[in-house]
Amino acid sequence: MVQIDVEAPKARVRKAEGPATASSSAGRAGRKTSRRRPGRLRRSIRRHWQLYLLVIPPLLYFALFKYVPMANAVIAFKDYNVIEGIWGSAWAGFEHFERLFSNPAFGTIVSNTFLLSLYALIASLPIPIILALALNEVRGRFFKRTVQMVTYAPYFISTVIIVSMAILILSPRIGMLSTVTGFFGLPAVDYLAQPDFFRHVYVWSEVWQTAGYSAVIYMAALAGVDPALYEAAKVDGANRLQKIWHVDLPSITPTIVVVLILSVGSIMVVGFEKAFLLQNPLNLSQSEIIATYTYKIGIQNADFSLGTAVGLFNSVINLVLLLGVNAVSKRVTGNGLW
């Protein structure tokens, strides 16, 4: 009696249909995964709802006060009228930008802003790093905490108080600096009335105020350095300076790069309050920057369209600098913001 193998053709059929079946099963798996994602999100929210609740206020803050106001930048392209409103005002195109670029003082204002920001960047970047490295080498906890407190405290002093202190110290009649120079027979100098001293006063008062606060970032980065690296350097016979150069600095380089990128990205944004408070008619040739010019044009002269055009131009320049520096940093060091 002859037996016919029926299972073999079925196996061959299944083998022939294997790839199609695999692709269809993969498609079904993909659809199942896409269906599961909302379920996973719901389960994550249900499980970690406290963390999602903490995220909501910052998101609302940035949405309401950072992104929604961007729509009002259209004022720069309109002849803004308070009665007609932002969207009802007549369209002006690039008229206000042409007025801005044709202003004889525009080049001086941009130059003052850039030079002041660059000076502040060069002066304020290395000092917190040096302070953090020095404090990291201190073994006395009392002395270390005392120095941290003394250097960190000025950050909480308001800008108005800082400017008042600078004015009192540099006053030609009752100032402490004039008293010291007078003791040596030198004439009193009104530093705030001379344009050449404005940048020095602004930058070094800023360094004194923010150095301790900025050093905290680098000290946090130094706290994460692997102790095994110090042990290896000690075995190799490295002294303290060599440990700082070969262990500490390479370890905090990514943090330095990020801080540098953020600083360059805001290089055209100089603090309005301090510049405006230190400004007077005698030092106006170097103290007039984009922030104070925008205030005078937009608020005092009520030319809101031109003031918005100045601010928009400044923001675009900062964005270009941020993207450019981030690209260069990623190419050179391999570190960047994204």
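Residues numbered from 1 in each chain as written. Predicted model: local features only at pLDDT ≥ 70, side-chain atom pairs only at ≥ 80, totals over all residues. Heavy atoms only, no water.

A. Layout of the overall build of the protein chain. Helix and strand counts for the protein chain come out as 16 helices and two strands. Across the 338 residues that make up the protein chain, the buried fraction comes to 30%. For the protein chain, long-range pairs separated by at least 24 residues make up 65% of all intrachain contacts whose partners lie at least 6 apart in sequence. Carbon together with sulfur atoms contributes 67% to the accessible area of the protein chain, which is approximately 21900 Å² in total. (Helix = DSSP H or I, 4+ residues; strand = E, 2+ residues; numbered from the N terminus. Buried < 20%, exposed > 50% of the residue type's maximum accessible area, 1.4 Å probe, protein only. Contact = heavy atoms within 4.5 Å. Areas by Shrake-Rupley, 256 points an atom, 1.4 Å probe, with all protein chains shown as cover.)

B. View of the side chain of lysine 78. Among the structural elements, lysine 78 can be located in strand E1 (residues 78-81). Nearest to the buried, unbridged lysine 78 among oppositely charged side chains is glutamate 84, at 8.5 Å. (Lys, Arg positive; Asp, Glu negative; His and termini not counted. Salt bridge = Lys/Arg side-chain N within 4 Å of Asp/Glu carboxyl O.)

C. A look at unusual backbone geometry. Here the phi dihedral of alanine 302 falls at roughly 55 degrees; this positive angle occurs in a residue that is not glycine. For alanine 302, the location among the structural elements is in the loop between helix H15 (290-300) and helix H16 (304-332). On the accessibility criterion, alanine 302 (46% relative accessible area) is partly exposed.

D. The arrangement of the pattern of salt bridges in detail. With the rule as written, the count across this model stands at four salt bridges. Two residues, aspartate 303 and arginine 99, come together in a salt bridge whose shortest N-O distance is 2.7 Å. With aspartate 303 in the loop between H15 and H16 and arginine 99 in helix H4 (residues 95-102), this residue pair connects regions lying 204 residues apart in the sequence. Of the residues examined, arginine 99 reaches a relative accessible area of 35% and is grouped as partly exposed. Of the charged contacts, one joins glutamate 206 and lysine 274 as a salt bridge, the two residues approaching to 2.8 Å between their closest N and O atoms. Linking glutamate 206 in helix H10 (residues 195-223) with lysine 274 in helix H13 (residues 272-278), this pair joins segments that are 68 residues apart in sequence. For lysine 274, a relative accessible area of 4% gives the class buried.

E. Quick peek at the side chain of glutamate 288. One can find glutamate 288 in the loop between helix H14 (284-287) and H15. Residue classification places glutamate 288 among the buried residues on the basis of a relative accessible area of 12%. A distance of 3.1 Å separates polar atoms of two side chains, one belonging to glutamate 288 and the other to lysine 296. The residues touching glutamate 288, leaving out its near neighbours within four places in the chain, are Ile109, Asn112, Gln279, Tyr293 and Lys296. (Polar contact = N/O pair within 3.5 Å; in protein donor to acceptor, adjacent residues only side chain to side chain.)

F. Broad picture of the packing of aromatic side chains. Enumeration over the complete set of coordinates arrives at 21 aromatic pairs. For the ring pair phenylalanine 77 and phenylalanine 97, a centre distance of 5.3 Å and an interplane angle of 40 degrees mean the geometry is tilted. Pair noted here: phenylalanine 77 is in the loop between helix H3 (49-67) and E1 and phenylalanine 97 is in helix H4, with a separation of 20 residues, a long-range link. For the ring pair phenylalanine 101 and phenylalanine 106, a centre distance of 5.4 Å and an interplane angle of 65 degrees mean the geometry is edge-to-face. Of the aromatic side chains, those joined through ring pairs into one cluster are Phe77, Trp91, Phe94 and Phe97. (Phe/Tyr/Trp six-rings, centres within 6.5 Å; stacked < 30°, edge-to-face > 60°.)

G. The confidence of the model for the protein chain, seen in detail. When pLDDT is averaged across the protein chain, the result is 85; 89% of the residues are at 70 or more. Across residues 1-26 the pLDDT falls below 50, and counting only partners more than four positions away or on other chains, this stretch makes zero contacts in the model. (pLDDT = per-residue confidence, 0-100.)

H. Molecular detail of the pairing of strand E2 (residues 85-91). Relative to E2, E1 is paired through three bridges, and the arrangement is antiparallel. Bridged to asparagine 81 within E2 is glycine 85. (Pairing = 2+ DSSP bridges.)

I. Summary view of helix H6 (residues 126-137). Between its first and last C-alpha, H6 extends 17 Å over twelve residues, near the 16 Å set by a 1.5 Å rise per residue. Of the residues making up H6, those classed as buried are Pro128, Ile129, Leu131, Ala132, Leu133, Leu135 and Glu137. Turning to H6, the residues buried within the fold contact helix H5 (106-124), helix H7 (141-152), H10 and helix H12 (240-265). (Expected span 1.5 Å × (residues − 1).)

J. Here's a closer look at the packing of H12 against H16. As a packed pair, H12 and H16 sit with axes 7 Å apart at the nearest point and diverge in direction by 155 degrees. On the basis of the axis angle, H12 is roughly antiparallel to H16. With respect to the hand of their crossing, H12 and H16 are arranged in right-handed fashion. Residues Val257, Ile261, Val264 and Gly265 of H12 lie in contact with H16, whose contacting residues are Asn318, Leu321, Leu322, Val325, Asn326 and Ser329. In terms of residue class, the contact of H12 with H16 is built from six nonpolar, four polar and no charged. (Axes fitted to C-alpha atoms, helices over the stretch in contact; angles between N-to-C directions. Parallel < 35°, antiparallel > 145°, perpendicular 65-115°, else oblique. Left-handed = near helix turned anticlockwise from the far one by under 90°. Nonpolar A, V, L, I, M, F, W, Y, C, P; charged D, E, K, R; others polar.)

K. Layout of the nonpolar core. Ile129, Ala132, Leu133, Tyr218, Leu222 and Ile252 are the most contacted members of the largest nonpolar core, which totals 18 residues. Those elements that provide at least two residues to this core are H6, H10 and H12. If we skip the residues at most four places from it in the chain, alanine 132 touches Ala215, Tyr218, Met219 and Leu222. (Core = buried A, V, L, I, M, F, W, Y, C linked by side-chain atoms within 4.5 Å.)

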